[in-house]
Amino acid sequence: ISFMNILSLFPVPVERIAHALNGVERVLVAEENLYGLYRQVIAPHCGGRPVIGINGIGSMITPHQILEAIGAG
């Protein structure tokens, strides 16, 4: 498991994303919205890897939700 914190949504940090994807099989994007808006923006830059959304609104996304999305929960 690795983590990338994107500090600026736009412009999309395409080079930074590409570098972070070395050795990565799938991408999880945790967003506080219901539709995965930023996931849709970065998916085309993920080299065909599955991009899985962890979405919620009104409360923080929990570690348990992240573990479930990883498949370890």
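Anything mentioned here points back to the structure above.
This report concerns the structure included in the present document. Bear in mind the structure is a predicted one, so any value in this text is a computation, not a measurement. (Residues numbered from 1 in each chain as written. Predicted model: local features only at pLDDT ≥ 70, side-chain atom pairs only at ≥ 80, totals over all residues. Heavy atoms only, no water.)

Some remarks on the nonpolar core
The tendency in soluble globular proteins is for nonpolar side chains to be buried side by side. Core analysis: the largest hydrophobic core is formed by 9 residues, namely Val12, Ile17, Leu21, Val27, Val29, Tyr38, Ile42, Cys46 and Val51. Apart from residues lying up to four places away in sequence, Tyr38 is in contact with Ile6, Ser8, Leu9, Phe10, Val12, Pro13 and Glu31. (Core = buried A, V, L, I, M, F, W, Y, C linked by side-chain atoms within 4.5 Å. Buried < 20%, exposed > 50% of the residue type's maximum accessible area, 1.4 Å probe, protein only. Contact = heavy atoms within 4.5 Å.)

Here's the deal with the packing of aromatic side chains
Summed over the entire model, instances satisfying the criterion amount to 1 aromatic pair. Summarising the aromatic geometry, the rings of Phe10 and Tyr38 are spaced 5.9 Å apart at their centres and angled 85° between planes, so their arrangement reads as edge-to-face. Taken as a pair, Phe10 in the segment before α1 (14-20) and Tyr38 in helix α2 (residues 37-42) lie far apart in primary sequence, 28 residues in all. The buried category is assigned to Tyr38, whose relative accessible area is 9%. (Phe/Tyr/Trp six-rings, centres within 6.5 Å; stacked < 30°, edge-to-face > 60°. Helix = DSSP H or I, 4+ residues; strand = E, 2+ residues; numbered from the N terminus.)

Looking at the pairing of strand β2 (residues 51-55)
Both faces of the sheet carry side chains from a regular strand, because those side chains alternate between them. Examined bridge by bridge, strand β1 (residues 27-31) and β2 share 5 bridges and lie parallel to one another. Note that in β2 the partner of Val27 across the bridge is Val51. This β-α-β element, β1 to α2 to β2, shows right-handed connectivity. (Pairing = 2+ DSSP bridges. Right-handed = clockwise from strand over helix to strand, strands pointing away.)

Regarding the side chain of Glu31
Topologically, Glu31 is positioned in strand β1. A polar contact is formed between the side chain of Glu31 and the side chain of Asn33, at a distance of 3.0 Å. Not counting chain neighbours up to four residues away, the residues in contact with Glu31 comprise Gly36, Leu37, Tyr38, Arg39, Ile54, Asn55, Gly56 and Ile61. (Polar contact = N/O pair within 3.5 Å; in protein donor to acceptor, adjacent residues only side chain to side chain.)

None of this, on its own, says anything about what the molecule does.
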